[in-house]
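Structural overview
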Amino acid sequence: MPILLASEVMDLAAAAMNDVDKVVYSYVIQIPYLKMALQELQEIFELNSLPVTEKSSAAIPVNAGVTEIVFNAPNQPRLPDNMIEPLQLWERTRDINPYIPMARKEFIPHDLEGVEANMFTYWVWQDNKIILLAANANNDIKIDYVGSLFPKFIQSDTVIPVQNAQGYLSYKTAELMSDMIEHNDARAQSNGGRALMAMDRISGITIKSKQSIGTRRKPFRAAYKRISYW
């Protein structure tokens, strides 16, 4: 499968800045602006539930009496490190299929507190942790969630895990540099327009892949956080 490297994105961004040899816009100069472009792309994907950010966890063992799943705490079930927002939880008796869906609540039902049951049934997402009713048996939970897509630390050889994002990221990086380094409104507007057209292509490709899935989709908002130069 083809991979996209950060260096490939930055090579095109330098070309968009009329600096093919990267005399002015070296990788070191470009990396902070590429990171901004990646963050914006991540947020657009999150807001529009594009499937590239939709992930499922491995089985998470939750022992009897445990009522929280958290990001990082000793001796407690742990949430996926890259999870941003849980979408659906599933539960099963430890190591025994099938999983069955759990119901999301705004608050844990108080009338069930202290009532013994062998399954959790309900879950709450609160304070960056999943809260459960205590079960009297050891179970497993699986989480479908919106996950962080891009790595936190970027170098020239970093793999960008969205192959068809090369055009958007290159032009967006060039747009940001045009605006923040050169203060060149005309060049920023030109590169920004090309970035938006590339985003339209990304959304079209991704949404086509979901057309056969019977789910309700949020309208795509490619102009989210768009910077205006006129």
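Residues numbered from 1 in each chain as written. Predicted model: local features only at pLDDT ≥ 70, side-chain atom pairs only at ≥ 80, totals over all residues. Heavy atoms only, no water.

Re the pairing of strand 5 (residues 83-93)
The two faces of a sheet get side chains in turn, since along a regular strand they alternate between them. Both strand 5 and strand 10 (residues 139-147) contribute to a ladder of nine bridges, which runs antiparallel. Paired with Pro-86 across the bridge in strand 10 is Tyr-145. In terms of strand pairing, strand 5 meets strand 6 (residues 100-101) through two bridges, oriented antiparallel. In the sheet register, Trp-90 faces strand 6, and the bridge partner there is Pro-101. (Pairing = 2+ DSSP bridges. Helix = DSSP H or I, 4+ residues; strand = E, 2+ residues; numbered from the N terminus.)

Some remarks on the nonpolar core
Within the largest apolar cluster, 30 residues are counted, with the highest numbers of intra-cluster contacts made by Leu-34, Leu-38, Leu-41, Phe-150, Ile-160, Tyr-168 and Leu-169. Contributions of two or more residues to this core are made by helix 1 (6-16), helix 2 (27-48), helix 3 (166-182) and helix 4 (185-208). Broken down by element, this core gets its largest block of residues, eight residues, from helix 2. Sequence-distant contacts of Leu-38, that is, excluding residues within four places in its chain, are made with Phe-150, Ile-154, Ile-160 and Leu-169. Listed in part, the 16 residues of the second largest apolar core include Val-62, Ile-69, Leu-89 and Tyr-145. (Core = buried A, V, L, I, M, F, W, Y, C linked by side-chain atoms within 4.5 Å. Buried < 20%, exposed > 50% of the residue type's maximum accessible area, 1.4 Å probe, protein only. Contact = heavy atoms within 4.5 Å.)

Overview of the packing of helix 1 against helix 2
Between helix 1 and helix 2, whose axes approach to 10 Å, the crossing angle comes to 100°. When the interaxial angle is binned, helix 1 and helix 2 end up roughly perpendicular. Between helix 1 and helix 2, the residues in contact are Ala-6, Ser-7, Val-9, Met-10, Asp-11, Ala-13 and Ala-14 and Tyr-27, Gln-30, Ile-31 and Leu-34, respectively. For the contact of helix 1 with helix 2, the class distribution of residues is eight nonpolar, two polar and one charged. (Axes fitted to C-alpha atoms, helices over the stretch in contact; angles between N-to-C directions. Parallel < 35°, antiparallel > 145°, perpendicular 65-115°, else oblique. Nonpolar A, V, L, I, M, F, W, Y, C, P; charged D, E, K, R; others polar.)

Overview of a nonpolar patch on the surface
Together, Ile-29, Met-36, Met-180 and Ile-181 line one region of the surface with nonpolar side chains, adding up to about 310 Å² of accessible area. When contributions to the nonpolar patch are tallied by element, the ones reaching two or more residues are helix 2 and helix 3. As for its position among the elements, Ile-181 is in helix 3. Look at Ile-181 and you get partly exposed, because its relative accessible area is 34%. (Patch = residues over 30% accessible without salt bridge, like charges linked within 9 Å, V, L, I, M, F, W, Y side chains within 5 Å. Areas by Shrake-Rupley, 256 points an atom, 1.4 Å probe, with all protein chains shown as cover. Salt bridge = Lys/Arg side-chain N within 4 Å of Asp/Glu carboxyl O.)

Observations concerning the packing of aromatic side chains
If you walk through the whole model with that rule in mind, you get one aromatic pair. Between the aromatic rings of Phe-71 and Trp-125, the centroid separation amounts to 6.5 Å while the plane-to-plane angle is 80°, which identifies the pairing as edge-to-face. Of the two residues, Phe-71 is situated in the loop between strand 4 (68-69) and strand 5 and Trp-125 in strand 8 (residues 122-126); the sequence distance between them amounts to 54 residues. The class of Phe-71 is partly exposed, set by a relative accessible area of 24%. (Phe/Tyr/Trp six-rings, centres within 6.5 Å; stacked < 30°, edge-to-face > 60°.)

Details of the environment of Ala-174
Within the secondary structure, Ala-174 sits in helix 3. Residues Ala-174 and Tyr-25 lie 149 residues apart in sequence; the distance between their C-alpha atoms is 9.7 Å. The contacts of Ala-174, once residues within four sequence positions are left out, are Ala-13, Ala-16, Met-17 and Asn-191.

With respect to the pattern of salt bridges
Taken as a whole and assessed by the stated rule, the structure comprises 10 salt bridges. Between Arg-187 and Glu-182 there is a salt bridge, with the nearest N and O atoms lying 3.1 Å from each other. For Arg-187, a relative accessible area of 24% puts it in the partly exposed group. Through salt bridges with shared partners, one network takes in Arg-92, Arg-94, Asp-95 and Asp-140.

Some remarks on the sheet that holds strand 7 (residues 103-104)
If you trace the four strands from one edge of the open sheet to the other, you get 4-9-8-7, paired in mixed fashion. Of all the strands in the sheet, just strand 4 and strand 7 have a single pairing partner and so form its edges.

Brief notes about the confidence of the model for the protein
Per-residue confidence for the protein gives a mean pLDDT of 87, with 86% of residues at or over 70. In the model of the protein, helix 4 stands out as the element of lowest mean pLDDT, 85, in contrast to strand 6, which has the highest, 98. Counting contacts from residues 212-230, a segment whose pLDDT is below 50, to residues more than four positions away or on other chains yields 32 contacts. (pLDDT = per-residue confidence, 0-100.)

Comments concerning helix 1
In an α-helix there are 3.6 residues to a turn, and that puts residues three or four apart on one side. What helix 1 keeps buried is the set Ala-6, Ser-7, Val-9, Met-10, Ala-13 and Ala-14. Along the long axis of helix 1, the arc covered by the buried residues comes to 155°, so they all point the same way. Of the surrounding secondary structure, the elements contacted by the buried residues of helix 1 are strand 1 (4-5), helix 2, strand 11 (159-160) and helix 3. (Arc of directions from axis to C-beta.)

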